[in-house]
Amino acid sequence: MKLFVDTAIVEDIEELNDYGLIDGVTTNPTLIAKSGGDFKSVIKTICGIVDGPVSAEVAATEFSGMMAEGEHLAKIAENVVIKLPLTLDGLKACRALVSKGHKTNVTLCFTANQALLAAKAGASFISPFVGRLDDINIDGMDLIQDIRQIYDIAGFETQILAASIRTPNHVKGAALAGADAATIPAAVIKSMARHTLTDAGLAAFVQDWKSAGQSIL
Ligand code: E4P
(Lines give C-alpha, C1' and ligand atoms only; values in the text may rest on other atoms or scores of the structure.)
Protein backbone atom coordinates (compact mmCIF):
# COMPACT_ATOMS: atom_id res chain seq x y z
CA MET A 1 0.00 0.00 0.00
CA LYS A 2 1.29 3.45 -0.90
CA LEU A 3 1.58 6.07 1.85
CA PHE A 4 0.77 9.68 1.03
CA VAL A 5 1.17 12.51 3.51
CA ASP A 6 -1.95 14.63 4.00
CA THR A 7 -0.50 18.11 4.51
CA ALA A 8 0.63 21.31 2.81
CA ILE A 9 3.39 21.98 5.36
CA VAL A 10 6.56 21.87 3.25
CA GLU A 11 8.91 21.14 6.20
CA ASP A 12 6.88 18.03 7.17
CA ILE A 13 6.92 16.80 3.57
CA GLU A 14 10.69 17.33 3.31
CA GLU A 15 11.31 15.46 6.56
CA LEU A 16 9.18 12.43 5.64
CA ASN A 17 10.53 12.39 2.09
CA ASP A 18 14.07 12.30 3.50
CA TYR A 19 13.12 9.19 5.49
CA GLY A 20 11.98 7.62 2.20
CA LEU A 21 8.57 6.94 3.71
CA ILE A 22 6.15 8.70 1.38
CA ASP A 23 4.89 7.97 -2.11
CA GLY A 24 2.91 11.16 -2.64
CA VAL A 25 1.10 14.11 -1.07
CA THR A 26 -2.51 15.24 -0.79
CA THR A 27 -3.69 18.75 0.00
CA ASN A 28 -7.10 20.34 0.33
CA PRO A 29 -8.26 23.95 0.79
CA THR A 30 -8.26 23.56 4.59
CA LEU A 31 -4.67 22.28 4.62
CA ILE A 32 -3.56 25.06 2.25
CA ALA A 33 -5.18 27.64 4.54
CA LYS A 34 -3.38 26.09 7.55
CA SER A 35 -0.03 26.24 5.73
CA GLY A 36 -0.44 30.00 5.27
CA GLY A 37 1.33 29.84 1.90
CA ASP A 38 0.29 30.83 -1.62
CA PHE A 39 -1.56 27.82 -3.10
CA LYS A 40 0.19 27.55 -6.45
CA SER A 41 3.66 28.25 -5.03
CA VAL A 42 3.15 25.66 -2.29
CA ILE A 43 2.04 23.03 -4.84
CA LYS A 44 5.03 23.83 -7.08
CA THR A 45 7.41 23.49 -4.13
CA ILE A 46 5.85 20.18 -3.02
CA CYS A 47 6.00 18.80 -6.57
CA GLY A 48 9.71 19.56 -6.61
CA ILE A 49 10.25 17.60 -3.39
CA VAL A 50 8.37 14.36 -4.09
CA ASP A 51 8.42 12.27 -7.25
CA GLY A 52 4.95 10.82 -6.69
CA PRO A 53 1.45 12.24 -7.18
CA VAL A 54 0.58 15.55 -5.51
CA SER A 55 -3.14 16.27 -5.24
CA ALA A 56 -4.18 19.91 -5.69
CA GLU A 57 -7.88 20.65 -5.23
CA VAL A 58 -10.01 22.94 -7.39
CA ALA A 59 -11.96 25.66 -5.59
CA ALA A 60 -14.73 26.04 -8.18
CA THR A 61 -17.92 24.05 -7.71
CA GLU A 62 -19.33 24.13 -11.24
CA PHE A 63 -18.06 22.32 -14.35
CA SER A 64 -16.51 25.14 -16.38
CA GLY A 65 -14.73 26.63 -13.37
CA MET A 66 -13.37 23.23 -12.37
CA MET A 67 -12.10 22.65 -15.92
CA ALA A 68 -10.34 26.02 -16.06
CA GLU A 69 -8.78 25.60 -12.60
CA GLY A 70 -7.90 21.94 -13.19
CA GLU A 71 -6.08 22.70 -16.45
CA HIS A 72 -4.26 25.57 -14.72
CA LEU A 73 -3.17 23.41 -11.77
CA ALA A 74 -2.01 20.61 -14.09
CA LYS A 75 0.43 23.03 -15.73
CA ILE A 76 2.27 23.58 -12.43
CA ALA A 77 4.11 20.23 -12.61
CA GLU A 78 3.85 16.80 -14.23
CA ASN A 79 3.02 15.08 -10.94
CA VAL A 80 0.01 17.27 -10.13
CA VAL A 81 -3.19 15.26 -9.65
CA ILE A 82 -6.31 17.39 -10.02
CA LYS A 83 -8.57 16.91 -7.01
CA LEU A 84 -12.29 17.28 -7.67
CA PRO A 85 -15.32 17.05 -5.38
CA LEU A 86 -17.68 14.11 -5.71
CA THR A 87 -20.58 15.99 -7.26
CA LEU A 88 -22.18 15.56 -10.68
CA ASP A 89 -20.21 18.55 -11.96
CA GLY A 90 -17.05 17.13 -10.37
CA LEU A 91 -17.59 13.77 -12.10
CA LYS A 92 -18.20 15.49 -15.43
CA ALA A 93 -14.99 17.49 -15.00
CA CYS A 94 -13.19 14.28 -14.00
CA ARG A 95 -14.21 12.53 -17.22
CA ALA A 96 -13.26 15.57 -19.33
CA LEU A 97 -9.87 16.11 -17.63
CA VAL A 98 -9.02 12.39 -17.84
CA SER A 99 -9.87 12.48 -21.57
CA LYS A 100 -7.29 15.24 -21.91
CA GLY A 101 -4.66 13.02 -20.28
CA HIS A 102 -4.75 14.45 -16.74
CA LYS A 103 -4.69 12.48 -13.49
CA THR A 104 -7.58 13.04 -11.08
CA ASN A 105 -8.46 12.38 -7.45
CA VAL A 106 -12.18 12.46 -6.68
CA THR A 107 -12.60 13.54 -3.09
CA LEU A 108 -15.31 13.74 -0.39
CA CYS A 109 -16.51 10.18 -1.06
CA PHE A 110 -18.80 8.76 1.60
CA THR A 111 -20.65 5.89 -0.16
CA ALA A 112 -19.79 2.93 -2.38
CA ASN A 113 -22.15 4.24 -5.07
CA GLN A 114 -20.24 7.52 -5.19
CA ALA A 115 -17.04 5.50 -5.61
CA LEU A 116 -18.66 3.49 -8.41
CA LEU A 117 -19.49 6.71 -10.28
CA ALA A 118 -15.97 8.07 -9.80
CA ALA A 119 -14.53 4.89 -11.34
CA LYS A 120 -17.00 5.21 -14.25
CA ALA A 121 -15.72 8.78 -14.70
CA GLY A 122 -12.18 7.39 -15.06
CA ALA A 123 -10.77 8.82 -11.80
CA SER A 124 -7.14 7.91 -11.10
CA PHE A 125 -7.91 7.94 -7.35
CA ILE A 126 -11.06 7.84 -5.23
CA SER A 127 -10.78 9.31 -1.72
CA PRO A 128 -13.23 7.72 0.77
CA PHE A 129 -13.19 9.68 4.05
CA VAL A 130 -12.79 7.10 6.81
CA GLY A 131 -12.46 9.42 9.81
CA ARG A 132 -15.38 11.68 8.96
CA LEU A 133 -17.65 8.60 8.69
CA ASP A 134 -16.38 7.33 12.05
CA ASP A 135 -17.20 10.80 13.43
CA ILE A 136 -20.89 10.18 12.67
CA ASN A 137 -20.80 6.61 13.98
CA ILE A 138 -20.59 4.87 10.59
CA ASP A 139 -17.67 2.45 10.21
CA GLY A 140 -15.42 4.10 7.63
CA MET A 141 -13.47 0.90 7.08
CA ASP A 142 -16.61 -0.91 5.87
CA LEU A 143 -16.70 1.61 3.02
CA ILE A 144 -13.11 0.80 1.99
CA GLN A 145 -13.98 -2.93 1.98
CA ASP A 146 -17.13 -2.36 -0.10
CA ILE A 147 -15.29 -0.23 -2.67
CA ARG A 148 -12.47 -2.80 -2.90
CA GLN A 149 -15.02 -5.55 -3.59
CA ILE A 150 -16.93 -3.50 -6.18
CA TYR A 151 -13.79 -2.37 -8.00
CA ASP A 152 -12.39 -5.91 -8.09
CA ILE A 153 -15.65 -7.41 -9.40
CA ALA A 154 -15.99 -4.71 -12.08
CA GLY A 155 -12.28 -4.59 -12.92
CA PHE A 156 -12.03 -0.83 -12.31
CA GLU A 157 -8.49 0.53 -12.22
CA THR A 158 -9.25 3.59 -10.06
CA GLN A 159 -6.99 3.43 -7.00
CA ILE A 160 -8.59 3.51 -3.57
CA LEU A 161 -6.91 6.26 -1.53
CA ALA A 162 -8.15 5.96 2.06
CA ALA A 163 -8.51 9.54 3.34
CA SER A 164 -9.46 11.32 6.53
CA ILE A 165 -7.10 8.96 8.34
CA ARG A 166 -6.75 9.96 11.98
CA THR A 167 -4.94 7.08 13.74
CA PRO A 168 -2.39 4.30 13.11
CA ASN A 169 -5.29 1.83 13.49
CA HIS A 170 -6.99 3.52 10.53
CA VAL A 171 -3.86 2.88 8.45
CA LYS A 172 -3.76 -0.79 9.44
CA GLY A 173 -7.49 -1.13 8.75
CA ALA A 174 -7.16 0.48 5.32
CA ALA A 175 -4.26 -1.81 4.43
CA LEU A 176 -6.19 -4.90 5.53
CA ALA A 177 -9.27 -3.73 3.63
CA GLY A 178 -7.23 -3.58 0.42
CA ALA A 179 -6.81 0.17 -0.08
CA ASP A 180 -4.19 0.95 -2.74
CA ALA A 181 -2.99 3.95 -0.74
CA ALA A 182 -3.75 5.94 2.39
CA THR A 183 -3.24 9.64 2.91
CA ILE A 184 -2.13 10.29 6.45
CA PRO A 185 -1.24 13.34 8.61
CA ALA A 186 2.52 13.64 9.20
CA ALA A 187 2.19 13.10 12.96
CA VAL A 188 0.27 9.85 12.42
CA ILE A 189 2.93 8.53 10.00
CA LYS A 190 5.62 9.23 12.60
CA SER A 191 3.58 7.65 15.40
CA MET A 192 3.31 4.44 13.31
CA ALA A 193 7.05 3.91 13.90
CA ARG A 194 6.81 4.20 17.68
CA HIS A 195 6.29 1.53 20.33
CA THR A 196 7.14 1.69 24.01
CA LEU A 197 8.73 -1.79 23.88
CA THR A 198 10.91 -0.67 20.96
CA ASP A 199 12.13 2.30 23.03
CA ALA A 200 12.73 0.15 26.13
CA GLY A 201 14.43 -2.59 24.12
CA LEU A 202 16.73 -0.13 22.36
CA ALA A 203 17.68 1.57 25.65
CA ALA A 204 18.66 -1.84 27.07
CA PHE A 205 20.70 -2.76 23.96
CA VAL A 206 22.54 0.58 24.09
CA GLN A 207 23.38 0.03 27.77
CA ASP A 208 24.49 -3.58 27.25
CA TRP A 209 26.63 -2.60 24.25
CA LYS A 210 28.40 -0.02 26.44
CA SER A 211 29.08 -2.71 29.08
CA ALA A 212 30.47 -5.04 26.38
CA GLY A 213 33.10 -2.38 25.62
CA GLN A 214 33.25 -3.28 21.91
CA SER A 215 32.96 -1.27 18.68
CA ILE A 216 31.78 -2.20 15.21
CA LEU A 217 33.87 0.32 13.26
C1 E4P B 1 -7.51 14.18 1.87
O2 E4P B 1 -7.59 14.03 0.69
C3 E4P B 1 -8.62 14.74 2.67
O4 E4P B 1 -8.90 16.01 2.26
C5 E4P B 1 -8.29 14.64 4.12
O6 E4P B 1 -7.77 13.35 4.37
C7 E4P B 1 -9.44 14.97 5.03
O8 E4P B 1 -9.09 14.67 6.37
P9 E4P B 1 -9.94 15.22 7.61
O10 E4P B 1 -11.28 14.57 7.57
O11 E4P B 1 -9.14 14.81 8.81
O12 E4P B 1 -10.04 16.70 7.43
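Parameters at a glance
- Residues numbered from 1 in each chain as written.
- Predicted model: local features only at pLDDT ≥ 70, side-chain atom pairs only at ≥ 80, totals over all residues.
- Heavy atoms only, no water.
- Pairing = 2+ DSSP bridges.
- Helix = DSSP H or I, 4+ residues; strand = E, 2+ residues; numbered from the N terminus.
- Axes fitted to C-alpha atoms, helices over the stretch in contact; angles between N-to-C directions.
- Expected span 1.5 Å × (residues − 1).
- Buried < 20%, exposed > 50% of the residue type's maximum accessible area, 1.4 Å probe, protein only.
- Arc of directions from axis to C-beta.
- Contact = heavy atoms within 4.5 Å.
- Right-handed = clockwise from strand over helix to strand, strands pointing away.
- Patch = residues over 30% accessible without salt bridge, like charges linked within 9 Å, V, L, I, M, F, W, Y side chains within 5 Å.
- Areas by Shrake-Rupley, 256 points an atom, 1.4 Å probe, with all protein chains shown as cover.
- Salt bridge = Lys/Arg side-chain N within 4 Å of Asp/Glu carboxyl O.
- Lys, Arg positive; Asp, Glu negative; His and termini not counted.
- Charge placed at Lys NZ, Arg CZ, Asp CG, Glu CD.
- Near = heavy atom within 4 Å.
- Polar contact = N/O pair within 3.5 Å; in protein donor to acceptor, adjacent residues only side chain to side chain.
- Nonpolar A, V, L, I, M, F, W, Y, C, P; charged D, E, K, R; others polar.

(A) Up close: the sheet that holds strand β8 (residues 181-184). Spatial strand order, β1-β2-β3-β4-β5-β6-β7-β8: 8 strands in a closed barrel with parallel pairing. Neighbouring strand axes in the sheet, compared pairwise and without regard to direction, differ in orientation by 30 degrees on average. Sheet topology note: the strand β5 (residues 104-109)/strand β6 (residues 125-128) ladder contains 3 bridges and is parallel. The partner of Val106 across the bridge, within β6, is Ile126.

(B) Representation of helix α8 (residues 140-154). The terminal C-alpha atoms of α8, which comprises 15 residues, lie 22 Å apart, in line with the 21 Å expected from a rise of 1.5 Å per residue. The complete set of buried residues in α8 reads Gly140, Met141, Leu143, Ile144, Ile147, Arg148 and Tyr151. Down the axis, α8 shows its buried residues gathered within 150 degrees of arc, on one side only. When the buried face of α8 is taken as reference, the exposed residues oriented beyond 90 degrees from it are Gln149 and Ile153. Elements that come into contact with the buried residues of α8 comprise β5, α6 (112-120), β6, α7 (130-135), β7 (159-162) and α9 (168-176). One or two residues past the end of α8 sits Gly155, with phi positive at roughly 75 degrees.

(C) Here's a closer look at the pairing of β5. Burial analysis of β5 places 5 of its 6 residues in the buried class, which makes it a mostly covered element. Here 4 bridges tie strand β4 (residues 80-85) to β5, and the two strands are oriented parallel to one another. Within the sheet, the bridge partner assigned to Pro85 lies in β5 and is Thr107. Handedness of the crossover joining β4 and β5 through helix α5 (residues 88-99): right-handed. Handedness of the β-α-β unit built from β5, α6 and β6 comes out right-handed.

(D) Expanded view of a negative patch on the surface. On the surface, Asp134, Asp139, Asp142 and Asp146 cluster together into a patch of negative charge. With respect to the helices, strands and loops of the structure, Asp142 is situated in helix α8. Take Asp142: its relative accessible area is 38%, and that puts it in the partly exposed class.

(E) Expanded view of helix α11 (residues 196-212). Here α11 is 17 residues long and its end C-alpha atoms lie 24 Å apart, about the 24 Å a rise of 1.5 Å per residue gives. One or two residues past the end of α11 sits Gly213, with phi positive at roughly 65 degrees.

(F) Spotlight on the site of the ligand. Neighbouring residues of the ligand: Asp6, Asn28, Lys83, Phe129, Arg132, Ala163, Ser164, Arg166 and Thr183. Residue Arg132 places a side-chain N or O atom 2.6 Å away from an oxygen atom belonging to the ligand. Within the side chain of Ser164, a nitrogen or oxygen atom sits 2.6 Å from an oxygen atom of the ligand. Here the ligand has 350 Å² of accessible area as a free molecule, and 85% of this is covered by the chains. Looking at the shell around the ligand residue by residue, the class counts come to 2 nonpolar, 3 polar and 4 charged.

(G) Structural context of the environment of Val98. Relative to the assigned elements, Val98 resides in helix α5. A relative accessible area of 22% places Val98 in the partly exposed class. Other than its neighbours up to four places away in sequence, Val98 contacts Thr104, Ala121 and Gly122.

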